[in-house]
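Chains, contacts and geometry: an overview
If you want the building blocks of each chain, they are given just below.
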Amino acid sequence: TQRLEQLVERFATRRIAVIGDFFLDKYLDVDPSLAEPSLETGKIAHQVTGFRVGPGAAGTVVNNLAALDAGTLYAVGAIGDDGEGFELRRALEQIRCDTDRLLRFDSLMTPTYLKPRDQTDPSLVGEHSRYDTLTRRPTPAEIVEEIVGALDSVLPEVDAVIIADQVVQDECGVVTPLLRDVLSDRAGQFSDLVFWADSRSNIRMFRNVITKPNQFEAAGRSNPHPDDTVPLCELKAAAGVLRGINGAPVCVTRGCDSVLVTDPQYTVIPSVKLAGPLDSTGAGDSFTAGAVLAMSSGATLAEAALVGCLTASITVQQLATTGTATPDGLFERLKLWRNQHPDGVLVEAFR
């Protein structure tokens with residue numbers, strides 16, 4: 001508890017840039033009792049009675065950093081010069097995030113997750129099918145160059161850089177091969193900063209930055225079954241390969257079970273055990289926010305992973321929304337975690 005207090009006390013002084021794919025999360029509240037057939041087509045016309053918007057993808061990381069009382073936040077990326085982009089920037093600014101480097105272009109669409117849901121059913125069952133909007137053409141090199149300029153302008157001002165590579169279509173997002181090369185170079189130049197990358201499909205393409213794959217990404221398994229898991233012995237070998245490729249530490253999440261970190265030694269950090277319905281939407285982003293905020297405050301990688309676990313354990317219990325955690329919540333979860341794992345704070349693996 002005392003160690004967590006030391007870290008949390010520094011949160012308000014931390015300056016963090018988040019670079020990558022910023023989405024708008026837009027929730028539509030649908031009242032099923034008002035549904036009516038369209039006179040023109042005969043199809044059901046669902047009636048929206050309200051909506052909520054918030055930052056998604058890279059914006060989810062920012063949202064969690066803000067909720068954890070991070071000091072200064074910068075959004076770096078590219079979005080469309082459209083209504084969704086306006087809403088996204090406004091939502092980021094409302095949580096004290098600088099959006100001057102979130103560049104706007106007429107040629108892009110602001111990536112948007114449109115999430116209709118049944119307002120009478122707060123459970124996950126109440127969610128309708130989602131509609132995704134994103135640019136499906138390669139990001140022009142000139143746009144990437146402008147993003148590089150925005151990144152370079154903020155690097156002297158920050159303690160950490162979080163890379164949120166959300167778009168899986170090759171070269172269609174912000175984090176293109178060109179930008180990855182630049183980030184690798186800047187991580188070498190600014191060795192005192194924490195560089196941390198999370199990627200849905202390109203985790204092996206990063207160099208010189210801490211990477212956070214999940215167990216299946218680390219082991220190279222695609223389309224895992226919901227009940228699948230990667231044995232620790234196999235995961236240690238996979239993480240070692242990934243660390244060798246990248247040249248930097250690796251932090252592997254294992255769902256609700258644990259986290260494996262490679263540095264300074266292979267260490268397993270058990271997760272908080274939870275009961276009841278859980279919503280994993282944004283869990284990885286909340287983990288990243290907590291871990292990077294802790295690491296930039298002086299935590300070891302294992303300590304940072306534990307803070308990430310505490311953060312994610314809070315957000316997954318917030319259903320049908322992209323949740324956040326607060327510093328006070330971290331202390332409550334640490335108490336629960338210690339009760340669940342009385343044999344030690346950290347468990348070293350593979351002695």
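This structure is a prediction, so every number in the text was calculated from the model and none was measured. (Residues numbered from 1 in each chain as written. Predicted model: local features only at pLDDT ≥ 70, side-chain atom pairs only at ≥ 80, totals over all residues. Heavy atoms only, no water.)

1. Quick word on the pairing of strand S6 (residues 72-80)
Just so we agree on the cut-off: For the exposure calls, accessible area comes from a 1.4 Å probe over protein chains only, and a residue counts as buried if that area is under 20% of its type's maximum, exposed if over 50%, partly exposed in between. Secondary structure elements follow DSSP: runs of H or I no shorter than four residues count as helices, runs of E no shorter than two count as strands, and numbering proceeds from the N terminus. Pairs of strands are assigned from DSSP output, requiring at least two bridges between the strands.
Counting buried positions along S6 gives 8 out of 9 residues, so the element sits mostly inside the fold. Relative to S6, strand S1 (residues 15-20) runs parallel, the two being bridged by 5 bridges. Paired with Val18 across the strands is Ala75, a residue of S6. In the sheet, S6 pairs with strand S7 (residues 97-98) via 2 bridges, with the strands oriented parallel.

2. What to know about the environment of Leu178
For the record, the criterion: Any two residues whose heavy atoms approach within 4.5 Å are treated as being in contact.
Inspection of the secondary structure puts Leu178 in helix H5 (residues 177-189). Here Leu178 falls in the partly exposed class, since its relative accessible area comes to 34%. Through-space distance from the C-alpha of Leu178 to that of Glu145 is 8.7 Å; in sequence the pair is 33 residues apart. Among all residues touching Leu178, those that are not within four sequence positions of it are Val144 and Glu145.

3. Describing the environment of Leu330
As for its placement among the helices and strands, Leu330 is situated in helix H10 (residues 327-340). Taking the C-alpha atoms as reference, Leu330 lies 9.8 Å from Ala312; in sequence the two are 18 residues apart.

4. Quick notes on the side chain of Ser297
The condition is simple: Throughout this description, a polar contact denotes any pair of N or O atoms lying within 3.5 Å of each other; where both atoms belong to protein, one of them has to be capable of donating a hydrogen while the other can accept it, and for residues adjacent in sequence the pair is counted only when both atoms sit in side chains.
For Ser297, the location among the structural elements is in the loop between helix H8 (283-296) and helix H9 (301-315). Within the structure, the side chain of Ser297 is placed 2.7 Å from the backbone oxygen of Leu293, a separation counted as a polar contact. Apart from residues lying up to four places away in sequence, Ser297 is in contact with Leu7, Arg10, Phe11 and Arg14.

5. Some details on the packing of aromatic side chains
Selection rule: Two rings belonging to Phe, Tyr or Trp (six-membered ring only in the last case) form a pair when the distance between their centres is within 6.5 Å. Interplanar angles under 30 degrees mark stacking, angles over 60 mark edge-to-face geometry, and anything in between is tilted. Should the NZ of a Lys or the CZ of an Arg lie within 6 Å of a ring centre and within 35 degrees of the ring normal, that charge is described as sitting over the ring.
Inspection of every chain in the model, using the stated rule, returns 1 aromatic pair. Seen from the ring of Tyr27, Arg52 lies directly overhead, with NZ or CZ sitting 4.5 Å from the centre. Directly above the ring of Tyr266 sits Lys236, whose terminal nitrogen or CZ lies 5.0 Å from the centroid.

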